[in-house]
Every structure is written in C-alpha cells, then in structure tokens.
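Structural characterization, general
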Amino acid sequence: MERIFTKEIKNGEVVLKGWVSQIRDLGGLKFFLLRDREGIIQVTAKKDTNPELFDVISGLHREDCVEVKGTVKVSEKAPGGKEIMAKEINVINKAETPLPIETSDKIQSGFDKRFDFRFIDLRNRKVMNVFKIKQVMFSKLREFFEKNGFIEIQTPVIQAAGAEGGATLFPLIYYNKEAFLRQSPQLYKQILMASGMDRVYEIGQVFRAEKFHTRRHLSEYVSIDMEMAWIDSEDDVMKIAEGLVHYALKETKKTCKEELKELGIEMHVPELPFPRLTYDKALDMLSKEGIKIERGEDLEDAQERVLGEIMQRKGKEWYFIYKYPSRIKPFYIMMDGEVSRGMDLDYKGMEIASGGQREHRYDMVVKVMKQKGLDPHKFEFYLSAFRYGMPPHGGFGLGSERLIEQALGLDNVKETVLFPRTPERLVP
Ligand code: AMO
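In what follows, the accompanying structure is described. (Residues numbered from 1 in each chain as written. Predicted model: local features only at pLDDT ≥ 70, side-chain atom pairs only at ≥ 80, totals over all residues. Heavy atoms only, no water.)

Observations regarding the overall build of the protein chain
Within the protein chain, the secondary structure is distributed over 12 helices and 18 strands. With the C-alpha coordinates aligned to their principal axes, the bounding extent of the protein chain is approximately 90 × 55 × 40 Å. By the burial criterion, 51% of the 428 residues in the protein chain qualify as buried. Restricting to contacts in the protein chain with at least 6 residues of sequence separation, those with at least 24 account for 64%. About 21,000 Å² of surface is accessible on the protein chain, with carbon and sulfur atoms providing 52% of the total. (Helix = DSSP H or I, 4+ residues; strand = E, 2+ residues; numbered from the N terminus. Buried < 20%, exposed > 50% of the residue type's maximum accessible area, 1.4 Å probe, protein only. Contact = heavy atoms within 4.5 Å. Areas by Shrake-Rupley, 256 points an atom, 1.4 Å probe, with all protein chains shown as cover.)

Remarks on the sheet that holds strand S7 (residues 158-159)
Taken in spatial order, the three strands of this open sheet run S7-S9-S8, and their pairing is antiparallel. The open sheet terminates on both sides in strands that have one partner only, identified here as S7 and strand S8 (170-174). In this structure, S7 lies alongside strand S9 (residues 177-181), joined through two bridges in antiparallel fashion. Bridging from a neighbouring strand, isoleucine 158 pairs with leucine 181 of S9. (Pairing = 2+ DSSP bridges.)

Examining the packing of aromatic side chains
Counted by the stated rule, this structure contains 16 aromatic pairs. Centroid distance tyrosine 174 to tyrosine 175: 4.8 Å. Interplanar angle 65°. Geometry classified as edge-to-face. Classification of tyrosine 174 by relative accessible area gives partly exposed; the value is 38%. Ring centres of phenylalanine 331 and tyrosine 382 lie 5.9 Å apart, and the angle between their planes is 85°; on these two criteria the pair is classed as edge-to-face. (Phe/Tyr/Trp six-rings, centres within 6.5 Å; stacked < 30°, edge-to-face > 60°.)

As for the site of the ligand
Not every one of the 22 residues close to the ligand is listed here, only the nearest: Glu164, Gln186, Glu210, Glu351 and Ile352. Glutamate 164 has a polar side-chain atom sitting 2.7 Å from a nitrogen atom of the ligand. A distance of 3.3 Å separates an oxygen atom of the ligand from a polar atom in the backbone of glycine 399. Relative to its unbound accessible surface of 630 Å², the ligand loses 93% to contact with the protein. Counting residues per element, the ones that place at least two in the shell around the ligand are helix H5 (186-191), strand S17 (350-357) and strand S18 (393-399). By residue number, the principal contributor to the shell around the ligand is S17, which donates five residues. Class assignment for the residues of the shell around the ligand results in six nonpolar, eight polar and eight charged. (Near = heavy atom within 4 Å. Polar contact = N/O pair within 3.5 Å; in protein donor to acceptor, adjacent residues only side chain to side chain. Nonpolar A, V, L, I, M, F, W, Y, C, P; charged D, E, K, R; others polar.)

Digging into empty space enclosed by the protein
All chains considered together, the criterion is met by one cavity of 30 Å³ or more. Considered as a void within the structure, the largest cavity measures approximately 50 Å³ in volume. Glu102, Gln108, Ser109, Arg114 and Asp121 are the residues nearest the centre of the largest cavity, which is lined by 10 residues in total. Considered class by class, the residues forming the lining of the largest cavity number three nonpolar, four polar and three charged. (1 Å grid on protein atoms, 1.4 Å probe; cavity = no way out; pocket = protein on both sides within 12 Å on 5 of 7 lines; lining within 4 Å. Points joined across faces, edges and corners; volume = space filled by probe spheres on them.)

Overview of the environment of glycine 337
Mapped onto the secondary structure, glycine 337 falls in the loop between strand S14 (335-336) and strand S15 (339-340). Exposure remark for glycine 337: the relative accessible area of 56% places this residue in the exposed category. Considered as a pair, glycine 337 and methionine 238 are 99 residues apart in the sequence and their alpha carbons are 21 Å apart.

Some points on the nonpolar core
Nonpolar side chains in soluble globular proteins tend to be buried together. In this structure, Met137, Met226, Trp318, Phe396, Leu398, Leu403 and Leu408 are the most contacted members of the largest nonpolar core, which totals 48 residues. Those residues in contact with leucine 398 that sit more than four places away from it in its chain are Val222, Ser223, Ile224, Leu244, Val245, Ile352, Ala353 and Leu403. Membership of the second largest hydrophobic core comes to 22 residues, among which are Ile153, Ile333, Met369 and Ala385. (Core = buried A, V, L, I, M, F, W, Y, C linked by side-chain atoms within 4.5 Å.)

Quick look at the environment of threonine 49
Take threonine 49: it is sitting in the loop between strand S3 (39-46) and helix H1 (51-58). Note: C-alpha distance between threonine 49 and valine 339 (290 residues apart in sequence) is 81 Å.

Focus on the side chain of lysine 189
Within the secondary structure, lysine 189 sits in helix H5. Accessibility expressed as a relative area gives 2% for lysine 189, which makes it buried. In terms of polar contacts, lysine 189 uses its side chain to reach the side chain of aspartate 225, at 2.5 Å. Leave out the neighbours within four places in its chain, and lysine 189 touches Ile153, Val200, Asp225, Met226, Glu227, Arg358, Phe396 and Gly397.

Re the pairing of strand S11 (residues 220-229)
The buried fraction of S11 is high, at nine of 10 residues. Across nine bridges, strand S10 (residues 199-207) lies against S11 in antiparallel orientation. Bridged to phenylalanine 207 within S11 is glutamate 220. Bridge count for S11 against S18 is seven bridges, and the pairing is antiparallel. Within S18, the position partnered with glutamate 227 by the bridge is glycine 395.

Some details on unusual backbone geometry
Residue proline 273 is bonded to the preceding leucine 272 through a cis peptide linkage, with omega at -10°. Residue proline 428 is bonded to the preceding valine 427 through a cis peptide linkage, with omega at -10°. By the secondary structure assignment, proline 428 is in the segment after helix H12 (400-407). In this structure, glutamate 63 takes a positive phi of about 75° despite not being glycine. When you line up the elements, glutamate 63 lands in the loop between H1 and strand S4 (65-74).

Comments concerning a nonpolar patch on the surface
Taken together, Val157, Ile158, Tyr174 and Tyr175 make up a surface patch of nonpolar side chains, about 410 Å² in accessible area. Summarising the element assignment, tyrosine 175 is placed in the loop between S8 and S9. With relative accessibility at 68%, the residue tyrosine 175 sits in the exposed group. (Patch = residues over 30% accessible without salt bridge, like charges linked within 9 Å, V, L, I, M, F, W, Y side chains within 5 Å. Salt bridge = Lys/Arg side-chain N within 4 Å of Asp/Glu carboxyl O.)

Structure (structure tokens):
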C-alpha cells in the first residue's frame, strides 16, 4: 500500500509515515500524535485487542520516525475528528533525547538555538507555514512577470565590479584575480537592455557585507530584479512594481487560506494605484511629526517607520517615494539636475524595493560615475553596452525576505530564510 499524507485520509486502511509528536497513556489505551508535512493525526492502540503494539507505543519517544499501518476511525475526541486504529507500527529511526529545541508552539527557543537546529524548528507548523506561503509567493511573482512579457534570466554571481558601493562587497579570489560576490544583478540586467530582450527578470541570491544587526538586513538575500526598455519615465517602473506586489499578495491570499488562518494572519491586498509621494512631500509629512531631515539626506530606518505609521493612519500600507535628490542615488539612476528619477517602494514603513529610470546616454553615465568617485575603466564591460544603441530603460530590485516579513507581520527577516547568513552565522 502506498503512503499517503494525513491530509488525504478518508476511510479504510492507510499507511502513514511521519514523526511522533506527542505520546499519551490512559491506562488501557495508549496513543500518540503522528505528524507529517501536511498535518497531525492520532494513532491509537488498545491493551486488550493489541498488546504488542501497546508495548511499541510505550517505547516511543518524541520525534522518532515511524511508519503506521491501520484503519481510519471517526472519533469526536481526536484532533481533526479522526484517528487511526493501529495494526502495525514500525520505528524507522529513533530521535535522541532530550530534544535540543521545542517543536510545539508553547515553548519558543531563541533565534540562535532555532537556527542551529533549523530542521527541528521547521517541524513546528507555524514555522513550516511561513515557507509554504513563501513558495506560493515566489510562484505568483513569477506568474506576474510571465503574464507581462518578461523573460527570466540568470546572470553571474561572481563579478569583477560591484554596482552598489565598495563597502558591502564580499571579495573572493577568482583564479589569480580579485573578484566579488554580486550585490545585485544591476549591471547585467542593464547590459541586456541593449540586446533587444526588452523585459527581463531575475530571482536570485545576492550578497551584502553589512555588519548590521537589524530586523531587515541579511548578508545573503534573494532579490527579485526586473529591467524594462523603451520607458518614458520612472512611472512605467512604478506601474510594474505596484502591479507585481498587488498580484502576488492577492493570489497568495487566495491560495494560502489555510496556512494564513493557522498563523492568525489577515493578509491585506492593497488598492491600486499606490500613493506616490515626492521626497519633499515625505520630508514635509515627517516635519509635521517633529522629525526634521536635512533636504538632501536619505531617510533612516526609524524615520521610514514613522512615515509608515502616518501612511497607515491614512489607510495606506504601500507607497512610493520618488524625486529623490540626485546625490543620494547611485550612478546608474537618471538625474534631471538636482532631482533624480529614482524611486523606493515602502511597505508599512520599510523599504521593500528600489529602482527607477536609468541613465542610458554613454557620456552622462561616465560623467556621473566620475562625479561619484568611481573609475569608469573598471566598468568597461558595462559601459560598452551604452555605446552601440542603448534604449531608455528602468527597473527595480525588490527584497523578497522583506516582502514576506511585512506581509506576514514577522519581527525579523531571518524568520523568512531557511538558513540565514548574518555577520555571525555561516553554519548551518
Ligand atoms: P538596493 O540596494 O536598494 O537596490 O536593494 C534593493 C532592495 O533589496 C533589499 N535589500 C536587502 N534585504 C535584506 N538584507 C539586505 N542587506 C538588503 N539590502 C537591500 C531591500 C531593497 O529595497 N540595484 C538596485 C536595484 C535597482 O535599482 O534595480 C539595488 O540593489 O528590499
């Protein structure tokens, strides 16, 4: 007989495989809860009808791997209204005791312990649900890109030059040369705009050597990047960004009803279009709350949070900030004098995505690079794409972990990563 998941149990004979979650002894009746990926079911043995199995259950420990053959019985007392009357219980592999961390919701271990034993941590359904929802979210993000004519690309992770500033680069030795782990697919997605691909997206790991210990920084994260050609302004990019998150949230909410319910989360689907605040307007709004920011300075995390609260009071969780001063935007963003065509997308007070219209004129890119203290010679491979017919273009990079963190109301981006990389954590 083939093994089925607990969720698929109807009636008759079944074979289940999973972990022992809890064991109970009621004298003449012994039972345990068997947990597999999809749920939990009670497995019962009676002393008078099945003395041998009774002894097997006595020898079980929590988190042992077991195979159970038995018959489905309707039972009002059992969780889920059904139980399995065991005919055979095989212990496939034993778990050591005591367990290093808890798998139930009741006792929460600290982050460090949980990540050391992530494989056990994931046996907690609430933790597992985050990753089930994340998987659906990724497939919906992809679906949106496919529906809107974007071609999926993969660009190099090992790179010769970084696009996002030297401070956060991870260097490595590439044969005898210095190389870096990519901070972003920025340079390559732009090069491809000169190829005729027109619309591309990439979902992949990027690396930032950021010695921050915040709820929003990781040393390795998955960036959702897109780039599109023949645009008129940064507004074309904003339209794709808002369409993307609107679609992903709407469809994930529909698909993950059960998981969201178990987590006690009401996922909000934002209305389109999202508000577009100019940088000046954002500063004015903060100034009214007593927060003064020098014009020309970037918003800090705490200031972004206050802006998020102001916007939430207006019923808006999502909003763009655009028309940033040119001096705080990277060299690849188009600048109209002092004001840039860069934009950020914020979600409940946290920056989720950043992008804008790019500079596509060779002379201008070189000029701005020099102004920002970069050596154009190091970027020859990138700059040559601007010399043989580069169309106007733009795009953004969106942090997938921050998106999931905010959508699920989690306290830290690390909750959304199976094996997080932080300044202190390189294993597991
Ligand atoms: P930026 O550096 O702003 O832009 O990054 C884009 C988005 O990536 C996420 N992010 C991070 N998430 C977790 N940990 C980090 N250390 C971290 N750093 C950034 C954020 C952020 O909004 N090349 C440009 C994008 C573009 O213009 O297309 C870039 O990488 O959600």
